[in-house]
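A closer look at the structure
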Amino acid sequence: MSGPSTYEPKTGFERWLDARLPILRFANDTMVTFPTPKNLNYWWTFGGILAMMLGIQIVTGVILAMHYVPHVDYAFNSVERIMRDVNYGWLIRYTHANGASMFFLAVYIHMFRGLYYGSYKAPREVLWILGCVIYLLMMGTAFFGYVLPWGQMSFHGAVVITNLIGAIPLVGPSITTWLWGGFAVDDPTLNRFFSLHYLLPFVLAGVVGLHIWALHVPGNNNPTGVEVKSKEDTVPFHPYYTVKDGFAISVFLIMYAAFVFYMPNVLGDAINYVQANPLQTPLHIVPEWYLLPFYAILRAVPNKLMGVIAMGGALLTLFVLPWLDTSKVKSMRYRPTARLYFFIFIFACLVLGLCGAHAPDDMVIPGASGLQFLDANINSYVWLSRVGALYYFAYFWVITPLLGLTETPLPVPESISSPVLSHPASAPSGAAASPEKRG
Amino acid sequence: MADTVAGASPDPHVSGDDPNRRDFIHIAAGVAALGVVGGLAWPFIDQMNPAGDTLALASIDVDISKVVEGQQIVVKWRGKPLFVRYRTPKEIEEAIAGDHADLRDPATDESRHKPGKAQYLILIGVCTHLGCVPTFGGGDYGGWLCPCHGSVYDTSGRIRRGPAPLNLAIPDYSFLSDSKIKVG
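Residues numbered from 1 in each chain as written. Chains lettered and ligands numbered in written order. Predicted model: local features only at pLDDT ≥ 70, side-chain atom pairs only at ≥ 80, totals over all residues. Heavy atoms only, no water.

1. Here we look at the interface of chain B and chain A
At the interface, 19 residues of chain B touch 16 residues of chain A. Regarding the contact of chain B and chain A, the summed buried area is about 1,500 Å², with carbon and sulfur atoms giving 57% of it. Of all residues in chain B, the largest losses of buried area upon contact with chain A belong to R22, F44 and Q47 of chain B, amounting jointly to 37% of the total for that side. We note a salt bridge from D53 of chain B to R81 of chain A, for which the minimum N-O separation is 2.5 Å. For the pair chain B and chain A, the interface holds six residue pairs in polar contact (both at pLDDT 80 or more). Elements represented by at least two residues in the side of chain B that touches chain A include exactly α1 (21-46) and α2 (52-56) of chain B. For the side of chain B that touches chain A, the leading source of residues is α1 of chain B, giving seven residues. Residue composition of the side of chain B that touches chain A, grouped by class: seven nonpolar, eight polar and four charged. (Contact = heavy atoms within 4.5 Å. Buried area = accessible area lost by both parts, 1.4 Å probe. Salt bridge = Lys/Arg side-chain N within 4 Å of Asp/Glu carboxyl O. Polar contact = N/O pair within 3.5 Å; in protein donor to acceptor, adjacent residues only side chain to side chain. Helix = DSSP H or I, 4+ residues; strand = E, 2+ residues; numbered from the N terminus. Nonpolar A, V, L, I, M, F, W, Y, C, P; charged D, E, K, R; others polar.)

2. A word on the pairing of strand β6 (residues 142-145) of chain B
Residue and element names in this part refer to chain B. Of the strand pairs in this sheet, strand β5 (residues 135-136) and β6 are connected by two bridges, and their pairing is antiparallel. Residue pairing for β6: T135 is matched across the bridge by L145. Linking β5 back to β6 in an antiparallel pair, the connection comprises five residues, with G137 at a positive phi of about 95°. Here three bridges tie β6 to strand β7 (residues 152-154), and the two strands are oriented antiparallel to one another. (Pairing = 2+ DSSP bridges.)

3. A short note on a nonpolar patch on the surface
All names here are of chain A. Residues V320, W323, W397, V398, L402 and L405 make up a contiguous nonpolar surface patch of roughly 640 Å² in combined accessible area. Sorting the residues of the nonpolar patch by element identifies α12 (304-324) and α14 (381-406) as the ones contributing at least two each. Counting residues per element, the nonpolar patch draws most heavily on α14, at four residues. Locating L402 in the fold gives a position in helix α14. L402 sits in the partly exposed class, given a relative accessible area of 48%. (Patch = residues over 30% accessible without salt bridge, like charges linked within 9 Å, V, L, I, M, F, W, Y side chains within 5 Å. Areas by Shrake-Rupley, 256 points an atom, 1.4 Å probe, with all protein chains shown as cover. Buried < 20%, exposed > 50% of the residue type's maximum accessible area, 1.4 Å probe, protein only.)

4. Notes on the nonpolar core
Y135 and Y392 of chain A are the most contacted members of the largest nonpolar core, which totals 108 residues. In terms of residue count, helix α6 (residues 125-147) of chain A provides more of this core than any other element does, 14 residues in total. Those residues within four positions of Y392 of chain A in sequence are excluded, and the remaining contacts are F294, I297, A314, L318, F345, C349 and L352 of chain A. Counting residues in each nonpolar core, the second largest holds 14 residues, with V67, W77, V84 and I181 of chain B among its members. (Core = buried A, V, L, I, M, F, W, Y, C linked by side-chain atoms within 4.5 Å.)

All quantities given are derived from atomic positions and should not be read as evidence of function.
Shown next as structure tokens:
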């Protein structure tokens, strides 16, 4: 889609550089003249927002590492020192901690966007898989980062997650010991988690490079899901999408700033301001909000190994989605039935998140006694999370493959431009006047 | 904006002397973006300056009652060695005699100690050449010799020979009592 390069070096230096390292040509072709579908809506701005979030997390993270001490005796206090003594340390740490949440918020919107508009389908399967790899790297990085402040939730979260590995038959316990570098989560664990927390974002940045590369081969999907047919369907990336992304980024930053400055701890758990104590587990262990749905799936299964497999399966399912979807129509704009199941899927994810935040035996409807069914009361979060998890898997493995074969999609436009151009009367007069003219 | 209706002036930019609303928006947005970047850059730069707890440890009290005549103690202050020297009458005499020598960094011995406390010389023990710690008793002037590049200081800590440009620095300090000083 990118086609032959349109870059023309203007100065002698640009010609000299272009013959040696065509970096300006690359920048021009990928960020300036790149032909982009002209109908992208604001759901498409989250790619740019995510790139910005990765940048913010790396910059603030490198700074925090200048002040943080990865040792069990000093880690907690060094974080408090960052909050109290380091110049603007409070700002940088709150930006980083809330940045993780904003990063996940943006990535979830980005992923749901991809699901809704069928962005994972041919020819974008590799693009989608690279996105799934990025998502896994994000979860790993976020987990390692959450351990570093060495609060109660950090420590016991690390204990719970590393113990998941122990569910693997035979070799599990040995792998857990290997991960810990000892017989419990302790100083060696903290040190290696710090090292990995610093490393993974750069790996992530590399995969983001591949993700963008894989994006620029077929070009962007778009809200109609119809591939670009001609030059008429596209506009240059700059200024059309630099400005659109810039506006979305500004709005996103305002919301982000509201968290950083007015409610910096609302997304965290207060118990993590208590220093880690290996001899006492907090009453209620919960991960950060962005991992709750998977935590709920883990707890929905009453068997340790099967729970881990279910949670891993929920993630791995995303990787094979391009081959589970049998529909030829990409965008759910033209798939009313699929759209209904998709919205239920979003709801199921939210319900799973809610379940992950509650203790399994808490009552969903307070006061209602409910019935005992198998191992738990029906009116409990454990049963709600089972329903949610069942829908999660059914959506990908049953509904998506079957719908593509049975549903009747709405008529799909011939091209991106045709729905607009076929109704010339509906176009506001003057809209066709050269928009590039100033004045 | 009747005067900028398309067609009235085909492209007001060619002349370059007719700033219009779009130019204003471009400049305003650019300035706002620069302001944001600048405002954000400062916390990211300032975080590397000494932190609050580092500054809080910047002054120390030193008990000098244990220093006897002819002796020197070394205390760590702001991460550097601080020399507290109890000078002998002979050393003070030599230092005063040196006032009239050809000094690279002229200073009288009187200006280098507190009034009436000529015996106590308080110096930052960092060679003014490249930061090594000079040792007492070396050199030809009865004072300090820097082992790194051979700078020689006299009994008042003034540079007499070698590559160092300045006398050994004197920190801000005051006597809290006859036996206690506060440095910093």
